Amino acid sequence: MIYKSLSNPKLTASFKEAATTGIAPDRGLYFPDHIPVLGKSFWSEYATMDKKELGFEVMKHFVGNDIDNDTLAEIAFSAIDFDLPVIRLDDHIGVLELFHGPTLAFKDVGARFMARCLGYFSAQNGEKTTVLVATSGDTGGAVADGFLGVSGVEVVILYPSGKVSPLQEKQLTALGQNIKAIEVLGSFDDCQEMVKTAFVDQQVRSTRKLTSANSINVARWLPQMLYYFVALQQKKSADNPWVISVPSGNFGNLCAGFVAQKLGLDVAHFIAATNSNKTVPDYLNSGVWTDRKSVATRSNAMDVAHPSNWIRIEALHNNDLQKLRSHISSFSFTDVQTMDAMQRMYDQYHYMADPHGAIGYLGLERYLQEKPNHFGVFLETAHPIKFTEVVTEALGFSPELPDGLQRLMHSEKKSTVIKNYAELKEVLMQKQ
Ligand SMILES: *Cc1c(COP(=O)(O)O)cnc(C)c1O
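Analysis parameters
- Residues numbered from 1 in each chain as written.
- Predicted model: local features only at pLDDT ≥ 70, side-chain atom pairs only at ≥ 80, totals over all residues.
- Heavy atoms only, no water.
- Core = buried A, V, L, I, M, F, W, Y, C linked by side-chain atoms within 4.5 Å.
- Buried < 20%, exposed > 50% of the residue type's maximum accessible area, 1.4 Å probe, protein only.
- Contact = heavy atoms within 4.5 Å.
- Helix = DSSP H or I, 4+ residues; strand = E, 2+ residues; numbered from the N terminus.
- Pairing = 2+ DSSP bridges.
- Right-handed = clockwise from strand over helix to strand, strands pointing away.
- Axes fitted to C-alpha atoms, helices over the stretch in contact; angles between N-to-C directions.
- Parallel < 35°, antiparallel > 145°, perpendicular 65-115°, else oblique.
- Left-handed = near helix turned anticlockwise from the far one by under 90°.
- Nonpolar A, V, L, I, M, F, W, Y, C, P; charged D, E, K, R; others polar.
- Near = heavy atom within 4 Å.
- Polar contact = N/O pair within 3.5 Å; in protein donor to acceptor, adjacent residues only side chain to side chain.
- Areas by Shrake-Rupley, 256 points an atom, 1.4 Å probe, with all protein chains shown as cover.
- 1 Å grid on protein atoms, 1.4 Å probe; cavity = no way out; pocket = protein on both sides within 12 Å on 5 of 7 lines; lining within 4 Å.
- Sits in = over half its atoms within 2 Å of the grid points.
- Expected span 1.5 Å × (residues − 1).
- Points joined across faces, edges and corners; volume = space filled by probe spheres on them.

K.L.:
Explanation requested: the nonpolar core in the structure shown.
P.N.:
Where a protein is soluble and globular, its nonpolar side chains tend to be buried together. Phe15, Phe113, Phe147, Met225, Tyr228 and Phe229 are the most contacted members of the largest nonpolar core, which has 94 residues in total. Residues contacting Phe147, with those up to four places away along its chain left out, are Ala111, Met114, Ala115, Leu118, Val131, Val153, Val155, Asn178 and Ile179. Grouped together as the second largest cluster of nonpolar side chains are 32 residues, Ile93, Phe331, Phe333 and Ala394 included.

Listed below in structure tokens is the structure:
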């Protein structure tokens, strides 16, 4: 597979180059040159494939010869070797639970895949790599866990001070070893901007080999399509066509869903549900893209004003607004609506959702009001315990802390506090 920069198609890379550099030299996002359609032989086996086969058969098209077959099968499997169940709430609605991985977030899938790829490449050529990543909460924990102890890779994580939950903060500041947490006095967009600046800073680049682990990196973003494949294995023949509602921030999840659909997966329609950071729903409504600052919400993992993967979704639709409108329904919801949905879901289904999943549910509810002849699935992107404060406020009681996390909550936080890019640069210019 060849990857091309979306801002200059002459800049191409192999999977290995795209994964180890993260972003193209012109700051463009890498995108597959073409997306194959999976053949009859795949679909005739699909229903009964185990996760190992499934992961390998899907990912091999995107990795090519850069990783040998046995290793790739292991890597793809490790990314999805936990449950990804579709829980049916009633005859029309199901929830795809993506939080059964080690950090209780869907980001475990991409982070574990990517960490193992970089570990493999680093062992091959003996080169050290630094993973530089901005997180609004969940990415950091998943990346820290995925990369912990991977030799040859140092991880530097930027997060907005005071804007991640206590559990999330512990997940990224308490591990130590090859994981360094940088606490930024600013917003997630500020963190993301600093990361982008570091990537084009020649002084930094000559000191360290840098790559990203945000969904801008193809090795982090593409494996996310695997859980759509696992989900659709759970479709029943009596079901109406499936529509999937994706609570969206940087739109990596949704974009991976579209790639899965292009590969031939049977998803009738996608819904992009956002919080009050509604750049995309507003754009699809009005046809005018308006730049905004991000606003803080109760679903803070989606507080993104400039979704980096939107450009990939546009590319998948030939940058055609009408096409985008016919393939995506997009709605935004306020915090009040989110809290209300969490309560209603608990009352009606006895289901405890986190605020992001609740937004997915709201998107689905809105869509099904107009198009009832579907089976709707929304993604539950994090375990409610990761957002205890919000859940407790909505329901009046708190979710239980899973056993493994007790120890983490009592471990010591270690972070470096910074205000601006110059301070980040100082950290990055230190020898490893
Ligand atoms: C990252 C995240 C999202 C948003 O996913 P994107 O791929 O950035 O759109 C939604 N929910 C949770 C809990 C997340 O951590």
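Now that the structure is up, let's keep going.
K.L.:
Whenever I open this one, the pairing of strand β6 (residues 129-134) confuses me. Can you help?
P.N.:
The two faces of the sheet receive side chains in turn, since in a regular strand these alternate between them. With six of six residues buried, β6 lies mostly within the body of the structure. Where β6 meets strand β7 (residues 153-160), six bridges bridge the pair, whose relative direction is parallel. Directly across from Thr130, in β7, lies its bridge partner Glu154. On the question of chirality, the crossover connecting β6 to the parallel β7 by way of helix α6 (residues 138-147) is right-handed.

K.L.:
So what exactly am I meant to see when it comes to the packing of helix α5 (residues 107-125) against α6 here?
P.N.:
Relative placement of two packed helices is described by the angle separating their axes and the distance separating the axes. Running from amino to carboxyl end, α5 crosses α6 at an angle of 40°, the nearest separation of the two axes being 8 Å. Accordingly, the angle class assigned to the pair α5 and α6 is oblique. Crossing angle aside, the handedness with which α5 passes α6 is right-handed. Contacts from Lys107, Asp108, Ala111, Arg112, Met114, Ala115, Arg116 and Leu118 in α5 reach Asp138, Thr139, Ala142, Val143, Asp145, Gly146 and Phe147 in α6. By residue class, the composition of the contact of α5 with α6 is seven nonpolar, two polar and six charged.

K.L.:
Would you mind going over the sheet that holds strand β8 (residues 179-184) with me for this structure?
P.N.:
Strand pairs in the sheet, formed through backbone hydrogen bonds, run parallel or antiparallel to each other. Read across the sheet, five strands follow the order β9-β6-β7-β8-β14 without closing on themselves; strand pairing throughout is parallel. Because the sheet does not close on itself, it has two edges, and the strands there are β9 (210-212) and β14 (416-418). The average undirected angle you get between the axes of adjacent strands in this sheet is 25°. Relative to β7, α6 is tilted by about 165°, and along the sheet it contacts β6, β7 and β8.

K.L.:
Teacher, can you tell me more about the site of the ligand here?
P.N.:
As a matter of local geometry, the ligand sits amid 15 residues, with Lys107, Asp138, Gly249, Asn250 and Thr381 nearest to it. The backbone of Gly249 places a nitrogen or oxygen atom 2.8 Å from an oxygen atom of the ligand. Out of a free accessible area of 380 Å², the ligand has 97% covered by protein chains. The pocket occupied by the ligand, as judged from atoms lying within 2 Å of grid points, is the largest cavity.

K.L.:
What's the story with α5 in this structure? I'm lost.
P.N.:
The periodicity of an α-helix, 3.6 residues per turn, causes residues three or four positions apart to be oriented the same way. The end-to-end C-alpha distance of α5, which contains 19 residues, comes to 27 Å, matching closely the 27 Å that a straight helix rising 1.5 Å per residue would cover. The element α5 is extensively covered by neighbouring structure, given that 14 of its 19 residues are classed as buried. Taken from the residues just after α5, Gly126 is the one with a positive phi, measuring 65°.

K.L.:
Quick question: what am I supposed to make of the layout of surface pockets here?
P.N.:
Space left empty within the atom packing is revealed by a probe, the size of a water molecule, rolled over the atoms. What the largest pocket holds in volume is close to 400 Å³. Surrounding the largest pocket, 24 residues form its lining, Gly162, Lys163, Val164, Ser165 and Asn300 being those nearest its centre. For the lining of the largest pocket, the element with the highest residue contribution is helix α18 (residues 388-395), accounting for three residues. Grouping the constituent residues of the lining of the largest pocket by class yields eleven nonpolar, eight polar and five charged. By volume, the second largest pocket is sized at about 190 Å³. In terms of lining residues, the second largest pocket is bounded by Pro102, Thr103, Gly141, Asp145, Leu148, Gln171, Ala174, Leu175, Gly404, Leu405 and Leu408. Elements that contribute at least two residues to the lining of the second largest pocket include exactly α6 and α19 (405-409). Residues of the lining of the second largest pocket, tallied by class, amount to six nonpolar, four polar and one charged.

Function-wise, these values are silent; they only describe arrangement.
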